[in-house]
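So the chains spell out like this:
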Amino acid sequence: MKDILAELNPAQKEAVEAINGPVLILAGPGSGKTRVITHRVAYLMRVVGIKPHNILAVTFTNKAAREMESRLNALVGEQVKNLTLGTFHAICARILRRDGQAIGIDPKFVIYDDDDQISLLKKSLQQLGLDPKQYAPRALQSVISNAKSQMLTPSDFSRKGRSYFEEITQRVYERYEKLITASSALDFDDLLGKVVELFRKSPETLLRYQSRYLHVQVDEFQDTNLVQYELIKQLAGKYRNICVVGDPDQSIYSWRSADVRNILNFEKDFPDAKVVLLEQNYRSTKLILEAASGVISANRQRKEKGLWTENEVGFPVSVIETYTEQEEAQYVVNEIDNLVRRGEVKPGDCAVMYRTNAQSRVLEEAFIRYGTPYKLVAGTRFYERREVKDVVAYLRLIQNPLDSVSLLRIINVPQRGIGQQSLDELSRWAGAQGVTEYRALQLLAESKDTSAALPFTARTVKALTGFAVMLENLIGKKQDLNTVELFDLLIENIGYKKYLEAMPDGEERWENTLELRGVAQDYRDLSPQEGLSAFLESVALVSDVDSLVEKSDTVTLITLHQAKGLEFPVVFIVGMEDGILPHFKSIDDPTQLEEERRLCYVGITRAGKRIYLVRAFRRHLMGASTVNRPSRFLRDIPSQLIAKNSTEESGAGLATAMEKRQEPLIPVDLPEFKAGEHVKHGVFGEGVVVSYQKKGHDAEVTVAFEGAGVKRFLVSFAKIERV
DNA sequence: CGAAAGGCTCTTTTT
DNA sequence: GAGCCTTTCG
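Right, let's walk through the structure included here. Quick caveat: nothing in here was measured; it's all calculated off a predicted structure.

Rules of the game
Residues numbered from 1 in each chain as written. Chains lettered and ligands numbered in written order. Predicted model: local features only at pLDDT ≥ 70, side-chain atom pairs only at ≥ 80, totals over all residues. Heavy atoms only, no water. Patch = residues over 30% accessible without salt bridge, like charges linked within 9 Å, V, L, I, M, F, W, Y side chains within 5 Å. Areas by Shrake-Rupley, 256 points an atom, 1.4 Å probe, with all protein chains shown as cover. Salt bridge = Lys/Arg side-chain N within 4 Å of Asp/Glu carboxyl O. Lys, Arg positive; Asp, Glu negative; His and termini not counted. Charge placed at Lys NZ, Arg CZ, Asp CG, Glu CD. Helix = DSSP H or I, 4+ residues; strand = E, 2+ residues; numbered from the N terminus. Pairing = 2+ DSSP bridges. Axes fitted to C-alpha atoms, helices over the stretch in contact; angles between N-to-C directions. Contact = heavy atoms within 4.5 Å. Near = heavy atom within 4 Å. Polar contact = N/O pair within 3.5 Å; in protein donor to acceptor, adjacent residues only side chain to side chain. Nonpolar A, V, L, I, M, F, W, Y, C, P; charged D, E, K, R; others polar. Expected span 1.5 Å × (residues − 1). Buried < 20%, exposed > 50% of the residue type's maximum accessible area, 1.4 Å probe, protein only. Parallel < 35°, antiparallel > 145°, perpendicular 65-115°, else oblique.

**A few points about a negative patch on the surface**
Reasoning step 1: A grouping of Glu501, Glu507, Glu511 and Glu515 is seen on the molecular surface, where their side chains present a negatively charged patch.
Reasoning step 2: When residues in the negative patch are grouped by element, the largest group, three residues, is from helix 24 (residues 506-521).
Reasoning step 3: Structurally, Glu501 can be placed in helix 23 (residues 496-501).

Pasting the structure below:
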């Protein structure tokens, strides 16, 4: 029992033991936040004697939830199973599935992701006779999502706005709501908002949940939006045992309506809240922490925190300039290779982080070229692949035939002669009769008479009817088949394998389909209804970032956003340029710029031992070649913390970064070179040695390359061989 | 109706 | 550079 508290520092202990009433834990990076959360829950269970059934722990991502689960499992064992532990969205989906009917939610509801939302918005625009070019669906989606995150209905919205665009948005929003309701679907924002609505309209439902959850715990509180905060307040409303953990400096989701002010408001809403600060960092070296502090302290809207560490001083921050993004990638792979060969680190200790997913491609190419294994977190997302989405759409449709987005998506996949013309006609025809497309199909299939009242050609009627019959048949079978059986029947019925194999990358697509089938297998033991529903829910709410827990010892490629909450001994942040980080879309807005800075801070603080900040002088962006200035954030790192290669200053190559290295290398046999010798470099190709000079444990060699000009390297560092 | 080609735009981060 | 949309042709 005591061991739960034994491994904690005083602040952590305080946070764990403060179990009565509201608690706000402000946790700096690497301060043992997860440890505090898990130990707190364990403490509640093992010491205080709270049943796991009565504890709610909410996280922001599935990954965080799983991490917590496994750590708790180590502390309290099997009992973890009885906790309510999950993401906001997953927990809300469960609540709505069970109790949503009280506010008219179809328990068979499907969940619309962003893509589906866009489709529905396009449909809304079409119905309103608005031009999608003039009113970009993406922009509308973002505005509407934002409104929903603040619990603004379309009518609230109109009260708020007067501009023409807002008026249009309101009309689209209204229409969108009609359509999504008719489809028995909920979007991500609805999952949260509808629960809040449910709790407001049905106090007895709320009371049931309130009474159950004696303790409520929320992670990454700085990333919650208004709805989420409201939801937490509702749930904790009875016992007020609510513990939130967060760090305002790591708030990087305001674009998704996250509102840091929730942290400030927490202290207002719960004036008796106990505030605990976790300021000791266990992760990073002193220099890394100082560099990170330098970056973040330039933010004006911020509470100063006193982060400190007892860790060693460590290596200086490496600031590297390369010429192009290819060279940047090569530098990274090469450097990782060096570190690994020196035995300093394992590949799995290294991560390469970037602002935008697009940057991953060049990196991948370099890793492939060097034969260095890597794992890419969420590249082309599995669940966003066409073939996967199509099958999922079919299954959703079987579960909920009202789902019009799915219907329209697959009605002609594989092609069955139902083109745009016919579809428009179908929509119009359905609309005229005030029924959904699905119902219209049914009517069509039922009416044997081929009267001229129908606006379709005989061929089209046949195609539509054929589709309706097949779908009907599948729906009829869903009671009797488990998810995999249904999956197989579906694939068979629509001839999916043949269809896929006929297209480019057909094999890969088919393999993806089989992979999806593998996921379905996890649900085979549930009852048919439950299985399908659970399968679809997990597909909707689980991103593939989460599935990436692999133990394999390889380098991680990851966006800065996804990296939050992770840590690696060695971190490379690439694209340290104005326009990339900070992103050019955010550069002119001081508030957004501060968020970019926090993002940079998050990246740096992921590192334990070494941090490399890499940039390219010239880079291809949107097709064109651009020259970017160094990231302004680099200027906020005190120069005495930095070791840099400086192409500008000395004309030297990639490697001089290590000249200021403080600690000696693990001794290795360094090759010696003489002037005039022909050598080969991993990046620059062949060249001739100009000079060679011993320097302490290392040596410096200057090489004139055929293509790349004269470069200077440290021998231990660069990949140079005699030819 | 459907496949192919050409032209357009807009590029962030994700549950 | 990619994805989306439109146009064109069979």
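**Side note on the sheet that holds strand 15 (residues 568-573)**
Reasoning step 1: Ordered in space as 13-14-12-15-16-11-19, the seven strands form an open sheet in which the pairing is parallel. At either margin of the open sheet sits one strand with a lone partner, and together these are strand 13 (374-376) and strand 19 (642-644). Going from strand to strand, the sheet's axes swing by 25° on average, the running direction of each strand aside.
Reasoning step 2: In the sheet, strand 11 (residues 317-322) pairs with strand 19 via three bridges, with the strands oriented parallel. For Ser318, the partnering residue across the bridge sits in strand 19 and is Ala643.
Reasoning step 3: On top of the sheet, helix 14 (residues 286-296) reaches strand 11 and strand 16 (607-616); it is set at about 50° to strand 16, its chief contact.

**What to know about the protein's contact with DNA strand B**
Reasoning step 1: What surrounds DNA strand B is a group of 28 residues, the closest being Arg256, Arg355, Gln415, Ser422 and Met622.
Reasoning step 2: Sugar and phosphate atoms represent 56% of those atoms of DNA strand B found within 4 Å of the protein.
Reasoning step 3: Contacts to DNA strand B include Asp114, whose side-chain N or O atom sits 3.0 Å from a base oxygen.
Reasoning step 4: A distance of 3.2 Å is found between a phosphate oxygen of DNA strand B and a side-chain nitrogen or oxygen belonging to Thr559.
Reasoning step 5: Of all the secondary-structure elements, those providing two or more residues to the surface near DNA strand B are helix 19 (420-433) and helix 26 (560-563).
Reasoning step 6: Tallied by class, the residues present in the surface near DNA strand B amount to six nonpolar, 16 polar and six charged.

**Things to note about the protein's contact with DNA strand C**
Reasoning step 1: Lining the immediate surroundings of DNA strand C are Lys122, Arg361 and Gly623.
Reasoning step 2: Contact distances for DNA strand C include 2.8 Å between a phosphate oxygen and a side-chain N or O atom of Lys122.
Reasoning step 3: One of the side-chain N or O atoms of Arg361 is found 3.0 Å from a phosphate oxygen in DNA strand C.

**Some words on helix 9 (residues 164-182)**
One turn of the α-helix equals 3.6 residues, which is why residues spaced by three or four share an orientation.
Reasoning step 1: Here helix 9 is 19 residues long and its end C-alpha atoms lie 27 Å apart, about the 27 Å a rise of 1.5 Å per residue gives.
Reasoning step 2: Taken residue by residue, helix 9 has Ile168, Thr169, Gln170, Val172, Tyr173, Tyr176, Glu177, Leu179 and Ile180 as its buried positions.

**Points about the pattern of salt bridges**
Pairing between side chains becomes possible if they bear opposite charge and their charged atoms approach one another.
Reasoning step 1: What the rule picks out here adds up to 45 salt bridges.
Reasoning step 2: As a salt-bridge pair, Asp249 and Arg302 come within 2.4 Å of each other at their nearest N and O atoms. Placement of Asp249 in the loop between strand 7 (242-246) and helix 13 (261-269) and of Arg302 in the loop between helix 14 and strand 10 (308-309) is noted, with a sequence separation of 53 residues between them.
Reasoning step 3: The buried category is assigned to Asp249, whose relative accessible area is 4%.
Reasoning step 4: Its salt-bridge partner being Glu387, residue Arg509 comes within 2.9 Å of it at the nearest N-O pair. Linking Arg509 in helix 24 with Glu387 in helix 17 (residues 386-399), this pair joins segments that are 122 residues apart in sequence.
Reasoning step 5: Residue classification places Arg509 among the buried residues on the basis of a relative accessible area of 18%.
Reasoning step 6: Salt bridges sharing partners connect three or more residues here, namely Asp113, Asp115, Asp116, Lys389, Arg396 and Asp403.

**Quick notes on the packing of helix 20 (residues 437-446) against helix 21 (residues 458-477)**
Reasoning step 1: Relative orientation of the contacting elements helix 20 and helix 21 amounts to 105°, with a least axis distance of 9 Å. By the angle class used here, helix 20 and helix 21 are roughly perpendicular. Here Tyr438, Leu441, Gln442, Leu444 and Ala445 of helix 20 come into contact with helix 21, specifically with Leu464, Thr465, Phe467, Ala468, Leu471, Glu472 and Ile475.
Reasoning step 2: By residue class, the composition of the contact of helix 20 with helix 21 is nine nonpolar, two polar and one charged.

**Some points on the sheet that holds strand 7**
Reasoning step 1: With respect to topology, six strands assemble into an open sheet ordered 3-2-6-7-1-8, the strand pairing being parallel. The sheet is open, and its two edges are formed by strand 3 (84-87) and strand 8 (274-278), each paired on a single side. Between one strand axis and the next, the sheet turns by 15° as a mean value, whatever way the strands run.
Reasoning step 2: Two elements, strand 2 (residues 55-59) and strand 3, share four bridges in a ladder whose sense is parallel. Counted as the bridge partner of Val58 is Gly86 from strand 3.
Reasoning step 3: Helix 3 (residues 33-48) rests against strand 1 (23-27), strand 2, strand 6 (215-218), strand 7 and strand 8 of the sheet, and its axis sits at about 170° to strand 6.

Function cannot be inferred from these measures alone, as they are strictly geometric.
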